[in-house]
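Residues per chain are reported as follows:
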Amino acid sequence: MRLLIALFALFAPLTVSAAPDWTTTVTRAANGAYVMGNPKAKVRLVEYLSYSCPHCAHFTGEAAAPLKAGFIAKGTVAVEMRNAVRDRYDFTAAVLARCGGPSRFFGNTEALFGAQDALLTKAAAFEASEALPEGAPVAVALKGMAKGSGLNDFMVARGFTIAQVNACLVDKPSQNAVLALTKEAWNVRKIPGTPTFLINGQPAKTAEWSQIEAKLRVAVARR
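In this convention, every chain numbers its residues from 1, walking through the sequence in written order. For a predicted model such as this one, the threshold for reporting local features is a pLDDT of at least 70, and the threshold for listing and counting side-chain atom pairs is 80 or more; totals across whole chains, interfaces and linings nevertheless cover every residue. Side-chain calculation: all heavy atoms of the structure are included, whereas hydrogens and water are not.

1. So, the packing of aromatic side chains
The description of two aromatic rings rests on the distance between their centres and on the angle between their planes. Note on ring pairs: Phe, Tyr and Trp rings are taken, using the six-membered ring of Trp, and paired if centres are within 6.5 Å. Classes follow the plane angle, with under 30 degrees stacked, over 60 edge-to-face and the rest tilted. Per the stated rule, a full pass over the model turns up six aromatic pairs. An angle of 45° between the planes, with centres 4.5 Å apart, marks the rings of Phe59 and Phe197 as tilted. Separated by 138 residues along the polypeptide, Phe59 in helix H2 (residues 54-72) and Phe197 in strand S5 (residues 196-199) bring together distant segments of the chain. Across the pair, exposure class does not vary: Phe59 and Phe197 are buried alike. Every helix listed is a DSSP run of H or I at least four residues long, and every strand listed is a run of E at least two residues long, numbered separately from the N terminus. Buried residues are those whose accessible area, probed at 1.4 Å on protein chains only, stays under 20% of the maximum for their type, while exposed residues exceed 50% and partly exposed ones sit between those limits.

2. So, the environment of Arg222
Turning to its location among the elements, Arg222 is positioned in helix H10 (residues 209-222). Note: C-alpha distance between Arg222 and Val140 (82 residues apart in sequence) is 50 Å.

3. Observations regarding unusual backbone geometry
Here Thr194 and Pro195 are connected by a cis peptide whose omega angle stands at -5°. At Lys190, a position not held by glycine, the phi torsion is positive, near 55°. Inspection of the secondary structure assignment puts Lys190 in the loop between helix H9 (172-189) and S5. Unusually for a residue other than glycine, Lys205 sits at a positive phi of about 60°.

4. A short note on the side chain of Glu47
Here Glu47 lies in strand S3 (residues 43-49). The charge count includes Lys and Arg as positive and Asp and Glu as negative, but it does not include His or the ends of the chains. The term salt bridge refers to a pairing of a side-chain nitrogen on Lys or Arg with a carboxyl oxygen on Asp or Glu at a separation within 4 Å. For Glu47, which is buried and forms no salt bridge, the nearest opposite charge comes from Arg82, at a distance of 11 Å. Excluding its chain neighbours within four sequence positions, the residues that come into contact with Glu47 are Cys56, Phe59, Glu80, Met81, Arg82, Pro195, Thr196 and Phe197. Residue contacts are counted whenever heavy atoms from the two residues lie within 4.5 Å of one another.

5. Observations regarding the sheet that holds strand S4 (residues 77-83)
What holds strands together in a sheet is hydrogen bonding between their backbones, with the strands either parallel or antiparallel. Being paired, for any two strands, means DSSP has found at least two bridges between them. Here six strands make up an open sheet; going across it, the order is S1-S2-S4-S3-S5-S6 and the pairing mixed. Edge positions in the open sheet fall to strand S1 (26-28) and strand S6 (202-203), since each of these has one partner strand only. Where strand S2 (residues 34-36) meets S4, three bridges bridge the pair, whose relative direction is antiparallel. When the bridges of S4 are listed, Tyr34 appears paired with Met81. Working convention: axes come from line fits to C-alpha atoms, limited for helices to the stretch in contact. Angles between N-to-C directions cover 0 to 180 degrees. Strand contacts of helix H4 (residues 102-114): S1, S2, S3 and S4, with the helix running at about 90° to S2, the strand carrying the most contacts. H9 contacts S1, S3, S4 and S5 of the sheet and is inclined by roughly 90° relative to S4.

Here's what the structure looks like:
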């Protein structure tokens, strides 16, 4: 009997642990930015982005899927997104992208860029109506823009309640994180515009996905 059990053990199926999918790992960096991927990845891609930037939307639409599948999922590259706010709509969207915490941030960001055209059209019409006077309190300005631009409806469609949306809009830590990242982008780093990319701290000097992809492959190979 013991011999029979030993033979069965020899032919037992091998269990192979699945490699982790690092796209499900999102952390908050010390500077307040969100990072997708292996915290110990050898390569860090930083994107300075604006939610009212059409080039940012184009890059996200083109790069999000291959970047996640080809680099982030494997644990070789982590992506950090830093705000570089340009206008009131952008600030409102940046604060709302943080609704739900780290696990929702990248999904919210991709969805915001996917709906950018419609949202910006409504935001421009709202701004033209002069419904928000200059100097309005931040909470009033953000809530007004969220309603006027359609961001409220957008967030509700993503599963948030209006109460949750309003709570996100007036959340001071989120506002302060976005503003601090923006200050670093424009006043300290002095980026030329959005999107701007860094690869391991060095300017990528391009905003084209095909060129970013090539640079990432070189960076991964070197590490």
